[in-house]
Amino acid sequence: MYKCESCDYSSSKWFGRCPGCGEWNTFSEEVVEEYRKEESPLLFKLPEIDIKEEERIKSGISEFDSVLGGGIVLGSLVLIGGDPGIGKSTLLLQASGELAKEHKVLYVSGEESASQIKIRADRLNTSSEGLYISSYNNITHILDQIEKIDVKVIVIDSIQAIYHPSLPSAPGTVSQIKVCTSFLSGIAKKRNIPIFIVGHVTKEGSIAGPKLLEHMVDTVLYFEGDKNHIFRILRAYKNRFGSTNEIGVFLMEEKGLSEVKNPSLAFLSERPKGASGSVVSCTIEGSRPILIEIQALATPTIYGMARRDTLGVNYNRILLLLAVLEKRMGYNLSTYDLFVNIAGGIGSSEPAIDLGICSAIVSSFKEKPIDEKIALVGEVGLSGEIRGISNVEKRIEEALKLGFSSCFLPKSNLDKIKEKQIELIGVSNIKETFSVLFP
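The rules behind each value
Counting from 1, residues in each chain are numbered in the order their sequence is written. Only residues with pLDDT of 70 or above have their local features reported here, since the model is predicted, and side-chain atom pairs are shown and tallied only from 80 upward, although totals for entire chains, interfaces and linings are computed over all residues. To get the side-chain values, all heavy atoms of the structure are used, and hydrogens and water are removed first. Only DSSP runs of H or I covering at least 4 residues are called helices, and only runs of E covering at least 2 are called strands; the numbering of each starts at the N terminus. Note on contacts: a residue pair is in contact if any heavy atoms of the two residues lie within 4.5 Å. To be clear on the numbers: accessible area is Shrake-Rupley with a 1.4 Å probe, and residue cover counts the displayed protein chains and nothing else. In this description, the term disulfide denotes a pair of cysteine sulfurs within 2.5 Å. Throughout this description, buried means an accessible area under 20% of the type-specific maximum (1.4 Å probe, protein chains only), exposed means over 50%, and partly exposed covers the range between. Strands pair, by our definition, only if DSSP identifies at least two bridges between them. The term salt bridge refers to a side-chain nitrogen of Lys or Arg lying within 4 Å of a carboxyl oxygen of Asp or Glu. Two aromatic rings from Phe, Tyr or Trp, using only the six-membered ring of Trp, form a pair when their centres are within 6.5 Å; if the ring planes differ by under 30 degrees the pair is stacked, by over 60 it is edge-to-face, and anything between is tilted. Each residue after the first adds 1.5 Å to the expected span of a helix. Axes, fitted as lines to C-alpha atoms, cover a helix only where it is in contact. Angles between the N-to-C directions of the axes lie from 0 to 180 degrees. These descriptions rest on fixed angle ranges, namely under 35 degrees for roughly parallel, over 145 for roughly antiparallel, 65 to 115 for roughly perpendicular, and the rest for oblique. Each crossing gets its handedness from the near helix: less than a right angle anticlockwise from the far helix is left-handed, clockwise is right-handed. Note on residue classes: Ala, Val, Leu, Ile, Met, Phe, Trp, Tyr, Cys and Pro are nonpolar, Asp, Glu, Lys and Arg are charged, and everything else, Gly too, is polar. We define the nonpolar core as a collection of buried residues of types Ala, Val, Leu, Ile, Met, Phe, Trp, Tyr and Cys that are connected through side-chain atoms lying within 4.5 Å of one another.

Chemist: Where do I start with the overall build of the protein chain in this structure?
Modeler: In terms of helices and strands, the protein chain carries twelve helices and 23 strands. Oriented by its inertia axes, the alpha-carbon framework of the protein chain measures out at about 75 × 55 × 50 Å. Partitioning the intrachain contacts of the protein chain with sequence separation of at least 6 by distance along the chain shows that 66% fall at a separation of at least 24. With an accessible surface of roughly 22200 Å², the protein chain has 50% of that area assigned to carbon and sulfur atoms.

Listed below in structure tokens is the structure:
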């Protein structure tokens with residue numbers, strides 16, 4: 001059979017253009033096995049099934065463990081994706097080095113030779129007797145190596161470079177990726193060995209290969225960040241053994257990735273003093289509150305149509321908030337170019353930072369800086385009202401920890417807070433907020 005690598009459309013003959021998705025030159029040959037009748041599996045009644053808490057091992061990198069849900073689950077299959085050069089291989093090599101201090105780890109690279117990995121490991125100061133390197137890309141050799149050295153953890157870098165000899169197609173095709181992932185899943189489940197797989201991404205940002213690949217694994221992690229920024233975010237998009245809301249924050253340095261224990265302090269460390277258009281808000285990533293600096297720049301446009309550029313925030317959300325400011329507050333922003341950015345390379349789409357975004361825009365528009373010790377949280381509605389948000393106490397504690405003296409928040413949240421160690425200003429609409437900020 002021939003299958004499309006983009007949409008998995010199958011046909012008995014080759015097409016230059018896929019009838020399913022319209023993409024060109026995406027058909028590759030795949031061997032289809034005949035159905036064989038097997039014995040019926042045993043059935044279990046749900047109350048009679050015995051369960052035990054999954055056993056986890058620590059990777060030695062706490063930010064990595066927290067994203068996985070508290071550690072590496074034995075027998076799990078974890079897929080890590082991200083842009084080229086973002087740090088996927090660096091993270092896994094560092095984690096392998098830490099794990100190899102107590103367990104035997106097999107690092108399989110189909111893209112680099114053993115000497116190249118050794119050079120990178122020396123640069124990262126990663127060296128351990130329990131770390132074994134293999135540069136063979138034939139996946140069947142893994143079984144032989146497992147038997148020889150009693151491996152406890154396996155890293156595959158990357159799944160697009162590995163092939164199964166039973167298939168005639170080239171590495172990286174749909175059939176090879178599916179068969180190799182299924183093969184690795186069988187090893188992980190039968191031998192109770194956790195396996196990490198690196199996956200290349202397409203230009204759209206999704207993992208290359210069929211979408212089925214993400215369904216076959218237990219956990220899908222994406223390594224995010226801009227190569228021009230030093231911060232990297234590890235985020236879980238699927239996790240059968242933990243929450244998908246947790247993130248890990250890392251700093252890319254000369255000797256590899258280092259953990260950022262206090263992201264709020266890191267993101268605010270270079271905040272300018274006395275500058276208009278700079279506001280601090282607080283977003284929640286999983287169970288972790290993170291203070292972020294929202295920057296806005298409003299300048300008179302020299303063209304017929306005003307520009308709207310964003311980085312780290314949702315573009316459509318900015319258009320909505322601009323409409324609210326124009327309609328409810330009467331600000332003529334249609335003749336101003338507007339640029340909104342979250343400093344540090346982090347992104348947030350949480351509505352709780354709406355009040356911070358609006359305040360930053362007006363601050364730049366009026367050329368009036370906002371006090372550096374003020375934090376603003378709250379969702380802005382279409383009528384200009386400030387709506388209640390979740391986890392408000394966590395946000396206030398984080399602001400207090402970093403020395404903020406006051407916090408603007410929705411009035412509906414103010415009554416639910418018992419201890420007030422920081423000045424809390426409850427506001428019900430943006431007009432009330434701006435009358436205090438810009439008297």
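From this point, the discussion proceeds with the structure in view.
Chemist: Is there a simple way to explain the state of the cysteines in this structure?
Modeler: Each disulfide consists of a covalent bond between the sulfur atoms of two cysteine residues. Inspection of the entire model under this criterion finds zero disulfides. Not part of a disulfide, Cys7 finds its nearest cysteine sulfur in Cys18, a span of 3.5 Å. Judged by its relative accessible area of 35%, Cys7 falls in the partly exposed class. Cysteine Cys180 is unpaired, with the sulfur of Cys4 as its nearest cysteine sulfur at 19 Å.

Chemist: Looking at this model, I keep getting lost on the sheet that holds strand 3 (residues 27-29). Mind explaining?
Modeler: The pairing of strands in a sheet happens through backbone hydrogen bonds and is either parallel or antiparallel. Across the sheet, three strands lie side by side as 2-1-3; this open sheet has antiparallel pairing. The two strands at the open ends of the sheet, each matched to only one other strand, are strand 2 (10-11) and strand 3. With two bridges connecting them, strand 1 (residues 2-4) and strand 2 associate as antiparallel partners. The partner of Tyr2 across the bridge, within strand 2, is Ser11.

Chemist: What's the story with the pattern of salt bridges in this structure? I'm lost.
Modeler: Opposite charge on two side chains permits pairing when their charged atoms draw close. For the structure on display, the rule yields 18 salt bridges. Here Lys101 ties to Glu98 by a salt bridge, and the two come within 3.2 Å at their closest N and O atoms. By relative accessible area, which is 33% here, Glu98 ends up partly exposed. One salt bridge in this structure joins Glu385 and Arg387, with 2.9 Å as the shortest N-O distance. For Arg387, a relative accessible area of 44% translates into the label partly exposed. One network of salt bridges, with partners in common, ties together Lys189, Asp218 and Arg240.

Chemist: How should I be thinking about the packing of aromatic side chains in this particular structure?
Modeler: The relation between two aromatic rings is expressed through the spacing of the ring centres and the mutual angle of the planes. By the definition in use, this model includes ten aromatic pairs. Measuring from centroid to centroid gives 6.3 Å for Tyr9 and Phe27, while their planes differ by 75°, and the two rings are edge-to-face. Of this pair, Tyr9 sits in the loop between strand 1 and strand 2 while Phe27 sits in strand 3; the two residues are 18 residues apart in sequence, bridging distant segments of the chain. The rings of Tyr331, Tyr336, Phe365, Phe434 and Phe438 are connected pair by pair, giving a single aromatic cluster.

Chemist: Whenever I open this one, unusual backbone geometry confuses me. Can you help?
Modeler: Trans peptide bonds make up most of the peptide bonds, and negative phi angles are found at most residues other than glycine. Cis rather than trans, the peptide bond between Asp157 and Ser158 has omega equal to 0°. Relative to the helices and strands, Ser158 resides in the loop between strand 9 (153-157) and helix 5 (174-191). Of note, the phi angle at Asn25 is positive, near 55°, even though the residue is not glycine. Considering the arrangement of structural elements, one finds Asn25 in the loop between strand 2 and strand 3.

Chemist: Looking at this structure, how should I read helix 2 (residues 88-99)?
Modeler: Given 3.6 residues to a turn, an α-helix orients residues that are three or four positions apart in the same direction. Between its first and last C-alpha atoms helix 2 spans 16 Å; for twelve residues at 1.5 Å apiece the expected length is 16 Å, and the two agree. Looking only at helix 2, the buried set comprises Lys88, Ser89, Thr90, Leu91, Leu92, Leu93, Gln94, Ala95, Ser96, Gly97 and Leu99.

Chemist: When you look at the packing of helix 9 (residues 354-366) against helix 12 (residues 430-437) in this model, what are you seeing that I'm missing?
Modeler: Helix-helix packing: each pair is described by the crossing angle between the helix axes and the interaxial distance. Their axes nearest at 11 Å, the elements helix 9 and helix 12 cross at an angle of 50°. On the basis of the axis angle, helix 9 is oblique to helix 12. Crossing angle aside, the handedness with which helix 9 passes helix 12 is right-handed. In this structure, helix 9 uses Leu355, Cys358, Ser359 and Val362 to contact helix 12, whose residues at the interface are Ile430, Thr433, Phe434 and Leu437. For the contact of helix 9 with helix 12, the per-class residue count stands at six nonpolar, two polar and no charged.

Chemist: I tried to follow the sheet that holds strand 10 (residues 195-199) on my own but got confused; where do I start?
Modeler: In space, the nine strands of this open sheet follow the order 8-7-9-10-6-11-12-13-14, with mixed pairing throughout. The sheet is open, and its two borders are formed by strand 8 (131-134) and strand 14 (256-259), each paired with just one other strand. Neighbour to neighbour, the strand axes of the sheet diverge by 25° on average, direction disregarded. Judged from the six bridges that link them, strand 11 (residues 219-224) and strand 12 (residues 231-239) form a sheet pairing that is antiparallel. Bridge pairing in strand 12 links Glu224 to Ile233.

Chemist: Sorry if this is basic, but what is going on with the nonpolar core here?
Modeler: Soluble globular proteins: nonpolar side chains tend toward being buried together. Counting 44 residues, the largest nonpolar core has Leu325, Val340, Ile357, Ile361 and Phe434 as its most contacted members. Top element by residues in this core is helix 9. It accounts for six residues. Once residues within four sequence positions are removed from consideration, Phe434 is found in contact with Leu325, Met329, Tyr331, Cys358, Ser359, Val362 and Pro439. Listed in part, the 31 residues of the second largest apolar core include Leu68, Ile80, Ile117 and Leu257.

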